[in-house]
Amino acid sequence: MPASPTPPPASRGRLDVVGAAVACACACHCVAIPLVVALAPALGLGVLLDERVEGALFATTLVVGAASLGPAARRAAADGWWRAPALFAA
C-alpha cells in the first residue's frame, strides 16, 4: 500500500495563493490595458500609462514565479525534472 502524501506546508500554500493572485492581476491588466489606454487621457489617468507601472507588474510576476519555481521543481523531480522549468519558460 503506498504511503499517503504529506500535506503541503502552509508557506507553500500561501505562495501558491500569492502566485495565483499575481497571475490574475496580470491577466486583468493585459485585458484592460487597451481600454485604459483609450480612456486614460479623458479620465485623467495618465499615470497608469507610465512605463514604471508595467515594470512593477512584470517584476512582481517574475519574482513570485521564480520563488515558486524552485519548490515546484524539487517536487517534480520524481516525475521529471524538466516539467516545471519548461512550464515557467512557456
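As the structure is a computational prediction, the values presented were derived from the model and not from experiment. (Residues numbered from 1 in each chain as written. Predicted model: local features only at pLDDT ≥ 70, side-chain atom pairs only at ≥ 80, totals over all residues. Heavy atoms only, no water.)

Enquirer: Is there a simple way to explain the overall build of the chain in this structure?
Expert: Broken down by element type, the chain carries three helices and zero strands. Written out in order from the N terminus, the α and β elements of the chain read α-α-α. Expressed as a percentage of its 90 residues, the buried residues of the chain come to 9%. Of the roughly 6900 Å² of accessible surface on the chain, a fraction of 73% belongs to carbon and sulfur atoms. (Helix = DSSP H or I, 4+ residues; strand = E, 2+ residues; numbered from the N terminus. Buried < 20%, exposed > 50% of the residue type's maximum accessible area, 1.4 Å probe, protein only. Areas by Shrake-Rupley, 256 points an atom, 1.4 Å probe, with all protein chains shown as cover.)

Enquirer: In this structure, what is going on with the state of the cysteines? I would like to understand it.
Expert: In protein chemistry, a disulfide is the covalent bond that joins the sulfur atoms of two cysteines. Under the definition given, this model contains zero disulfides. Free of any disulfide, C24 has its nearest neighbouring cysteine sulfur in C28, separated by 4.1 Å. Its relative accessible area of 46% is what places C24 among the partly exposed residues. C28 gets classed as partly exposed once you look at its relative accessible area, which sits at 46%. (Disulfide = S-S within 2.5 Å.)

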